[in-house]
Every structure is written in C-alpha cells, then in structure tokens.
Amino acid sequence: MGEEAGNLSAFHFFTRSLGHLERIIMLHTFVAYVEDLPGVLTRVASLFRRLNININSLTVGRSERVGLSRLTLVCEASGEAGHRIRASLFKLENVVDVDDIAGAPSVTRELALIKVAATPQTRSQVFELVEVFRARIVDLAPESLTIEMTGVESKIEGLIQVLNEGQDRVLEICRSGKLTMRRGHHTSRVLKAMGAGSEDSSEADGAMVQALEDTVASDTQ
Amino acid sequence: MSNQAINTQASNAHLTTPTRLTGAEILWATLVGEGVTQVFGYPGGAILPVYDALRKFPIHHTLVRHEQGAAHMADGYSRASGKVGVAIATSGPGATNLVTGIATAMLDSIPIVCITGNVSSKILGTDAFQEVDITGITLPVTKHNFLINRAEDIAPAVRLAFQIAKSARPGPVLVDITKDAQQATALFDFEAAKPRPVRPHPMRKIEDSGLAHAAELIRNAKRPVILAGHGIIESGAMEQVRTLAERTQIPVALTLLGLGAFPASHELNLGMMGMHGESWVNHAIQEADLLIACGMRFDDRVTGTTATYATKAKKIHIEVDPSEINKNIKVDVALVGDLSEVLEQLLPRIAGRDGSAWLKTIDSIKGDAAVRDIKNLPDLGHLYAAHVIHDIWRITNGNAIVVTDVGQHQMWEAQYYHHELPRMLITSGGLGTMGFALPAAIGAKFACPEKEVWVIAGDGGFQMTAAELATIVQEKIKINIAIINNGFLGMVRQWQQFFYDSNYESTPLISPDFVKLADAHGIQGLTVRTRAEVAGAVDAARSANGAFLLNFMVEKEESVYPMVSAGSALHEMIRRPGSDPLLESPNDK
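Computed from a predicted model, the values in this text were never measured in an experiment.

1. Overview of the overall build of chain B
Helix and strand content of chain B: 23 helices and 22 strands. Its C-alpha atoms give chain B a radius of gyration of 25 Å, within 12% of the compact-globule value 25 Å for 589 residues. When its C-alpha atoms are laid out on the principal axes, chain B stretches across 80 × 65 × 45 Å. Burial statistics for chain B: of 589 residues in total, 53% are counted as buried. Residue pairs in contact within chain B that sit at least 24 positions apart in sequence constitute 76% of those at least 6 positions apart.

Take a look at the structure:
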C-alpha cells in the first residue's frame, strides 16, 4: 500500500447524472491558510454551502505561521468549479493563501482512532490485524481496546473492513479527515505568496527541486 | 470632556494626536477621518452611546423611517457620488431591517459601510432583548463583516471596513459593535489604525499574452461588439472605453447598470442589451464574431439561455473579480484587473480599423423600429408610461439624476430616458429590490444637492418605502417623484399575461390617493391622466420650492417590449402584438 493510492484518489474521476446533464464530478483538495480568528471557519464553510457543494472532509490546525491556521478541504464538484472555488476562497478577507492540489504530487494522510470490543480471550486476533496494518494500540481496557491508525483513506477503510468481518467488533470510529501537503519545495512558494522567505525560489532552484520531486515520487511508487 | 471639545477649533486634533476617547467617540472620529460628512440611521437602545456622542462631530445624521431606507440611502449616496455611504442601526430588528438594503448593495457591488449596535459582550449569545446574530445573518450578503467588543478594536475595524468596501470589486461591509465597547474608553490613534495594504488577489493579473491575444482578436474581428457594464463606472474607465470604441469603430451595447457609462447620444451606442433590450442590440450580440465584455458579468438577464448565447463570437472578458471568469459564459481571453488599468495597457496595442460594414448591417437590422417606437405615436387619449418618461427626459434635458424602482417603469426608464453621463441612473439591477427608489433618491440628493433628482417608481414599489416621504420633509430636501400608476404590479402582471394565461392572481393593486398621501406629509402633488397634461405637470414639479409628487395614471395593461422570456435565446424576443393599431410590430407594414 503506497502513497500513490492517496494521490490517485485525489483525481479519481467519476460521472454523476445531474438532471439531464452529465457533468464530470471530481474530488478537489484545497489547502488554505486562514487567519486564526472567530468565525473564519464559518466563512469558508458558508462559501461551499452557498454553492451547494458538500464538504467531504475538512481539517484545521495551527500552521508554521503565527496567527495563521492551515486547513485541508476536500469536496466533490465539477472539474471546472475548481477555478471559481479557489477564486472565491481568495476573496474571503480572512483567507491568506489557497492552493488547489488537484493532481499535483502530494502526500495525503488521515488519522483514525478505532475502538474495538475485545476481551482478553479475543484480543490476539485484533493484535494480528493491527500488526499487518502497521497500526498501534493506544488504549487497552478489559472489554475494549483503541487502535490508532495513520495512512491513506483506503488503508484506514481496509482496516475497518477487516475488523468488522464476521462479527461487529467496532464500537466507535473517529477520523481526522484528510491532511494534504505538496511534495517538494512548495512551502517556499506559499511563503513567497505571503510576502516572506523568497530566497530559494529562483527558477533554477525550482527546476532542481522539481527534478528531486520526480526522483522521490518514482521511489515511492 | 466638554460636549463641544472635539467639534471646535481643535476639531481634527484627535486625528493627529492620540487621544483617550469612548468607543462611541472613536467610531465618529474614525468616520470623520475617513471623510464621512453624512450618515443615514435610526437610533435604539444598543446604539445609544453612539448617538449620544454624535453632537461632538461634524457629521450630518439623517433620521430615516425604516432601517431598510437607511441602507438604500447609503447606497444611493454612494452610487451618485462614488464615495462610501454609511448607514447606522441598532441591534435586533434595527439590524435585520438593514439586510435587504445590504443585499441590494452586494448584488450591485456598491461600497457602503453599515454600523450596528449590539447588546453588551457579557450577554452576547444569551437571546438578550433585541439581540440578533447580525454578523451571521449578513455573512453571505456582505464582502466582509466584523463583530467588535472592545473599544480599541473599533478604529482599526472601521478603517479596514472602508478599505474593503471600496477596494477591487466594491461591496457592503457591516461593523457590529457591542454596547460596552461603545461605552468603554481607549486610546484613539487614527494613523495607527490604518489597515494593512490591500492584499491583491493573486489570480488578478493582466498577462502580456492575454493582451496580445485580445489585440489580435480585435484586429481580426469582422462583427465585434463591446459589452459595457457597471464596472466601467466603478473603475472610472469611461474615457478608455470611449477611446477603444472610437478608435476601432466597434459599437457598444450596455447593461442596465452600465447605462451612462457610454453616452446615449454617441453614434456607436447601440442601447441596452438583454431581456428588455432593443431587438437590434440583441441581434447584434447574437450575430457578433467578437464580444469585448468590459466590467460586466454575463448576468442571466443579459444572456438569455447561455447555451445559445453568442455562439459565433470569441469573447474577451475584462473584469476585476477573478471568480466571475467563466462563471456564466466561457471566454477566450480573460484580462483580470481594474478595467481602466487593463484598457490603458491594451489601447497602445490597438490600431484604428474600419467598422462601417458591420455598423451598416446593424443599422439594417434596426430597420424602422425606432421610428415607429411607441413614443412617436400621436396622442389618441392614451397615457403611456413610455410617454411620461420620455417627456421627463426631454424637459430635464437628460440632466437629472433618475432613481428608479423595480418593474416595468424601470425598463421603460432604461429605454426612454437617455443617459449621457455615469452616476445619473440609480437603480437596483442585481437584486431587483422594490422600494429602492425613494430612499436611494434621498441618498443621491445628499450626495449631489445641486443636481435635480427624480424618483420614477411604480405604484407597488412606492408603497413599500413610502414612509420615507416624512424623511424628505424633515430634511427639507427637493426631490421630484413620478409614480407610474397602472393599478397593477405591472411586471408580474405582464408575466402572468405571457406565461400564466392572463391569470392576474394578486397583481391588481388598490393604492391610496398618492397626492393626498403627499399632502398629508406637506408635499405638493398632482394627478395626471392625459398626455396633454404631462409637460405642464413636470414643469410644475421642477419649479416648485419643495419636493413634488406626480401621480401618472397610465394604461393599465401595457407591457414592456421587446422581451426575452426566461430560458429563451437572446434573439427570440416577444415583440409588440400587431393587432393593436397603436403599437408597432415587426410584422405590420
């Protein structure tokens, strides 16, 4: 199970019938830096509500910039909607930068906490699965245990599926939603867009980093 | 601090020297610093500290009769002057009454700042008396809004609000200030409260390749049309658009809000496009091989169904808002930036060209439709709204600021009052807000006291905000009001006639005697029933000392032609029926 599974799902195309029109609906992943102020999340969410677009996943947390939060937002919308969503996000006063990840090389991860019913007699089966999926046990109680799992969406779903096979052992699932970061030197581009740190963003550097990115990408495939 | 301390010789000292003031004083001082001299508002419990401090500042406050009026007045003030209009209201119902006016400004990209009071921060969110989440309510209809609960945050928020309201694509901003923030004191430092520079939208860029491509399309076009929108006025690009049109001999079609951006009398001016645009304008667009859209957004009212819109044309879109690009109509070249800046860069690449063949073709499409226009009909005892509006245009020499409401009269005004200059037609285009005209005209009169201001409203819309007649009287201002009274909610009746088998459900309308209503306010008025009386009545209104109301009893079931029905192609217009001997039709001889 490699990282590319996550990348592929980021531009996993499928069609859906909208009335009499067939439009290409795709998954969009936006990464945005927003001011860490009350109500900012509402403004972002309200934009998608107004466009009648469902948000599949949304994660927010502190970033490397003081006073700015970073969010990763995944939604389904027509392919051509990406431009308008990005342009509209930028128009929000509290949004400082927006990146449409689309099909660019990137790392996507999700964290899940899964509570499973397990007695001392049945634990060993669960331990085996946890081992196979390279997850960890983070809480152990007489009647249950809690698994922490990090990975791409499909890997987490795979674990949940096998845990549920045969008997309903899963009691609770808590998933973080997707976290996405471009591979390579992209961070400096963001900083540059924010008016800081432009020392390593010359064209030549960019080409070099791109070559490095390609190498890393082929290594992981 | 004494009451007059700030308003006397040291009136602007607080703008240069940091001074300790209450939040309420900081609000007014910041408004003064932003150049505000006029606000429109309505007091109430949660905004009382602000009203108490008003007497110390050189700002005139107009008491409205309903907060919707305050927002429309700020809007009309802005549309007439180009400055930021300011409206003030209290919490709860005062704030919610602003919402229609804020949405009106949002849809037409008008810079206004609305100030609302809110309950004290300690009881915020407790459903206190007259508490409402106005920042939540107005979130989708403002460019941005603020909830302020500390006195020291007021000046930076208000200054940023002004910057946001007028920068790039303008729009409304709301600042909600809790009562305790108005009462607390803080050090006021106008300079320190200056907002950070406007963060340019990274997708707003004018690429050299785009300019070259646009110039090439213009050079090679055989049947080009310029689509002129409201952005020309907001950007102040009238001269550049005119230069472009004259140098290239490309005809100009205007949106409703674009009227005045290009002189009506100019030989290249085709007139208004869209749902009630003249047939030759819409045909020219449908036949064009190049559309140059300047500061307009391909609204559904100007495109008809998008599937069949100008299919033969390449499209150049010059627009300040990146989110408008390819939103309604796919374009071939997008030049995203301030219109006058873009045109300054584009014009050096544009050479003169001969446009006579295409202009001749459009002339032939026009035929004699204009000659047989309704306004040229002999007086056969009918009083048509078109006649009334055309007469007002003739008598005022087209020099009045005309503020229209929404409906049939609005379209007739667009067709029969010819605007030579920008900011002379004030109308709610995007939201289509009935009740807009009277309060917006009051705002326009405060912006341009030296100009003649006319309200043209229907009998339906006028009644939505007629209470503002009292505001006119209290403020002693001169506004002329023409009510186009047909006893129907005319535009809805027209739709019922065309699309609902003439089932006139809930559109016949009983109105008060508008002249008596005006009289009850101390405003003079006249009722006009025949065409022969129109000119005299208009003269009487113009020469009267105070405000004057004219109640024009026009044909009850006249419709606006031509009309593109919703969902039809732009060239599929409903024309005047030929059976009426009074009216022109494409089929009559």
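Next comes the rest of the write-up.
2. Digging into the sheet that holds strand 19 (residues 524-528) of chain B
All names here are of chain B. Spatially, the six strands line up as an open sheet ordered 16-15-17-18-20-19, and their pairing is parallel. Of all strands in the sheet, those bounded by a partner on one side alone are strand 16 (425-426) and strand 19. Across four bridges, the pairing between strand 15 (residues 401-404) and strand 17 (residues 453-458) is parallel. Residue pairing across strands places V402 opposite W454, the latter belonging to strand 17. Each of strand 17, strand 18 (480-485) and strand 20 (548-553) touches helix 16 (residues 385-395); the most contacted strand, strand 18, lies at about 165° to it.

3. Observations concerning the pairing of strand 9 (residues 224-228) of chain B
Residue and element names in this part refer to chain B. Counted residue by residue, strand 9 has five buried out of five residues, so it is predominantly covered. Because side chains alternate across strand 9, one face comprises the buried residues P224, I226 and A228, and the other comprises V225 and L227, equally buried. Sheet topology note: the strand 9/strand 12 (residues 290-294) ladder contains five bridges and is parallel. Considered in strand 12, the bridge of I226 is made with I292. With three bridges joining them, strand 9 and strand 10 (residues 252-254) adopt parallel strand pairing. What sits directly across from I226, in strand 10, is V252.

4. A few points about the interface of chain A and chain B
On the side of chain B, 12 residues touch chain A, which itself brings 14 residues to the contact. Counting residues per element, the ones that place at least two in the side of chain A that touches chain B are helix 2 (40-50) and helix 3 (81-91) of chain A. Top element by residues in the side of chain A that touches chain B is helix 3 of chain A. It accounts for six residues. Split into classes, the residues belonging to the side of chain A that touches chain B amount to three nonpolar, five polar and six charged.

5. Notes on the environment of B:V336
Topologically, B:V336 is positioned in strand 14 (residues 333-336). Each residue touching B:V336, except ones within four places of it in the same chain, is listed here: B:M203, B:R204, B:K205, B:I206, B:E319, B:P322 and B:I325.

6. Here's the deal with the packing of helix 12 (residues 279-287) of chain B against helix 15 (residues 356-366) of chain B
All names here are of chain B. Contact geometry for helix 12 and helix 15: axes closest at 9 Å, N-to-C directions at 135°. The pairing of helix 12 with helix 15 is recorded here as oblique in orientation. In the crossing of helix 12 with helix 15, the sense of the turn from one axis to the other is right-handed. Here helix 12 contributes W280, H283 and A284 to the contact with helix 15, which in turn contributes I362, I365 and K366. Residue classes in the contact of helix 12 with helix 15 are distributed as four nonpolar, one polar and one charged.

7. Brief notes about the environment of B:P93
With respect to the helices and strands, the residue B:P93 is situated in helix 5 (residues 93-107). A sequence separation of 459 residues divides B:P93 from B:F552, and the C-alpha atoms of the two residues are 35 Å apart.

About the thresholds
- Residues numbered from 1 in each chain as written.
- Chains lettered and ligands numbered in written order.
- Predicted model: local features only at pLDDT ≥ 70, side-chain atom pairs only at ≥ 80, totals over all residues.
- Helix = DSSP H or I, 4+ residues; strand = E, 2+ residues; numbered from the N terminus.
- Rg over C-alpha atoms; globule rule 2.2 N^0.38 Å.
- Buried ≥ 20, exposed ≤ 12 C-beta atoms within 10 Å, placed from the backbone.
- Contact = placed C-beta atoms within 7 Å.
- Pairing = 2+ DSSP bridges.
- Axes fitted to C-alpha atoms, helices over the stretch in contact; angles between N-to-C directions.
- Nonpolar A, V, L, I, M, F, W, Y, C, P; charged D, E, K, R; others polar.
- Parallel < 35°, antiparallel > 145°, perpendicular 65-115°, else oblique.
- Left-handed = near helix turned anticlockwise from the far one by under 90°.

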